[in-house]
Every structure is written in structure tokens, then in C-alpha cells.
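Coordinate analysis (summary)
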Amino acid sequence: MGGVRYLLPVVLVALTLAGCGGEVDPATTPAGKAQVRVLEDLYNGQLKRAYASLHPAHQRLVSESQFVACSRSVVDRGGLDSIDVLDVFDQTVRVPALGKQRTKAVRVRVTSSSGESDTFVDHELRVGGRWRWVLNDAAVSAYRAGKCPGAA
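Treat the numbers as computed from the prediction; the structure is a model and nothing was measured.

**Description of the state of the cysteines**
All told, the structure shown has one disulfide when counted by the stated rule. What pairs with Cys70 in a disulfide is Cys148, and their sulfur atoms sit 2.0 Å apart. On the S-S bond that ties Cys70 to Cys148, the torsion sits near -75 degrees, and the link is left-handed. On the criterion of sequence distance, the pair formed by Cys70 in helix α5 (residues 64-75) and Cys148 in the segment after α6 (137-144) is long-range, its members being 78 residues apart. Overall, the relative accessible area of 28% leaves Cys148 in the partly exposed class.

Printed below as a string of C-alpha cells:
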């Protein structure tokens, strides 16, 4: 019976420690997972699948064929080493063609296999039970002008 007396404090300490640091990993949130999926699709050449997860209003701004042609530059950057979701937070922003929206902002760091790293914030919107990513102002302007985003 003496062993039980010592076991109880050990279990209580273990439960207490398990409750500490209960922060949610941003990569496991629905918006974080959606952002990782679209970035993996882009870097792995699954451009039609990336387009399918684009917000419907932005699909009306750019055809799938134009999106795929323009997105090939992402694939040409080299392999993907890692995607780190650094933070996911609520943010109200003006989304092109949609106006002011309450989004999930996803801060990510993407590292290519060549070691180049880029940190940025993308936004996800919930549409019909799914998270959809949106284009930024520069991309929308480029597509409306018939150009690829980032083209000189």
C-alpha cells in the first residue's frame, strides 16, 4: 500500500506538467494546415490543386491556365526543404475583390532546398466549411493587367 502513497503525487505532478505550455501548435490549426497544403502544392508542382483551393472570387479574377502558367516560377525556385507555420491569428484586412474581411492570418517561413528562406503572412478565409487562400493586392493587379505576379 506504501507504493500507492508515492504513486499519487507522481501522477499529480505529471498531470500538472502536461497542462503547462498548453499553447496550440499553429501548424495544427485548420488555417495553418490549409496554408501548408497550398504551399506544398505550389512547390511540388500540384498547381491545379493549389488553384482549386484559391478563394472562388479570386478564381474569377484569374483563369486556371493563367494561374498554372504563372505559378511555374514557384516550382522553378528549387525544391522545398521546410514550411514552418510561425503564427496563426485573426486579422481583419481588405482583401482584393472582397473588401474588408475577417481572416486567419498565417505567418510562415518557407525554406528551399538551396537554403533560401522567406517569411511572409498569407490570409485564409472560410468558405463553405473549407479554408481558402486569397491573392494579395500585387497579384490581383498583375493578373488584371494580364501579367504574372512578380514579373518584371
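Still more to cover.
**Focus: the pattern of salt bridges**
Going through the model one piece at a time under the given rule, you end up with six salt bridges. One salt bridge in this structure joins Arg109 and Asp84, with 3.5 Å as the shortest N-O distance. With a gap of 25 residues between them, Arg109 in strand β2 (residues 99-112) and Asp84 in strand β1 (residues 80-95) connect regions that are remote in the sequence. Residue Arg109 is classed as partly exposed on the basis of its relative accessible area, which comes to 31%. Via salt bridges that share partners, Asp90, Arg102 and Lys104 belong to a single interconnected network.

**Here we look at the environment of Pro149**
Topologically, Pro149 is positioned in the segment after α6. A sequence separation of 82 residues divides Pro149 from Phe67, and the C-alpha atoms of the two residues are 9.6 Å apart. If sequence neighbours within four positions are ignored, Pro149 has contacts with Cys70, Ala139, Ala142 and Tyr143.

**Some points on the pairing of strand β4 (residues 130-133)**
Sheet analysis places strand β3 (residues 117-127) next to β4, joined by four bridges and oriented antiparallel. Considered in β4, the bridge of Arg126 is made with Trp131. Hairpin connection from β3 to β4: two residues lie between these consecutive antiparallel strands, with Gly128 at a positive phi of about 55 degrees.

**Remarks on the side chain of His58**
Structurally, His58 is set in helix α4 (residues 56-59). Note on His58: relative accessible area 0%, which makes it buried. At 2.9 Å, the side chain of His58 and the backbone nitrogen of Leu135 are in polar contact. Those residues within four positions of His58 in sequence are excluded, and the remaining contacts are Val95, Pro96, Ala97, Leu98, Val134, Leu135 and Val140.

Conventions adopted
- Each chain has its residues counted from 1, following the order in which its sequence is written.
- Per-residue local features of the predicted model are confined to residues with pLDDT of at least 70, and side-chain atom pairs are confined, for both listing and counting, to 80 or more; whole-chain, interface and lining totals are unaffected and use all residues.
- The basis for every side-chain value is the complete set of heavy atoms in the structure, and neither hydrogens nor water enter the calculation.
- We call a pair of cysteine sulfur atoms a disulfide whenever their separation is within 2.5 Å.
- Numbering goes from the N terminus for both helices and strands, where a helix is a DSSP run of H or I of at least four residues and a strand is a run of E of at least two.
- Each residue is placed in one exposure class: buried if its accessible area under a 1.4 Å probe, protein chains only, is under 20% of its type's maximum, exposed if it is over 50%, and partly exposed if it falls in between.
- Salt bridge, as used here: a side-chain nitrogen of Lys or Arg that lies within 4 Å of a carboxyl oxygen of Asp or Glu.
- Only heavy atoms enter the contact rule, under which two residues are in contact if any of them lie within 4.5 Å.
- Should DSSP find at least two bridges between two strands, the strands are taken to pair.
- Counted as a polar contact is a pair of N or O atoms within 3.5 Å, where, for protein atoms, one must be capable of donating a hydrogen and the other of accepting one, and residues adjacent in sequence contribute only when both atoms are in side chains.

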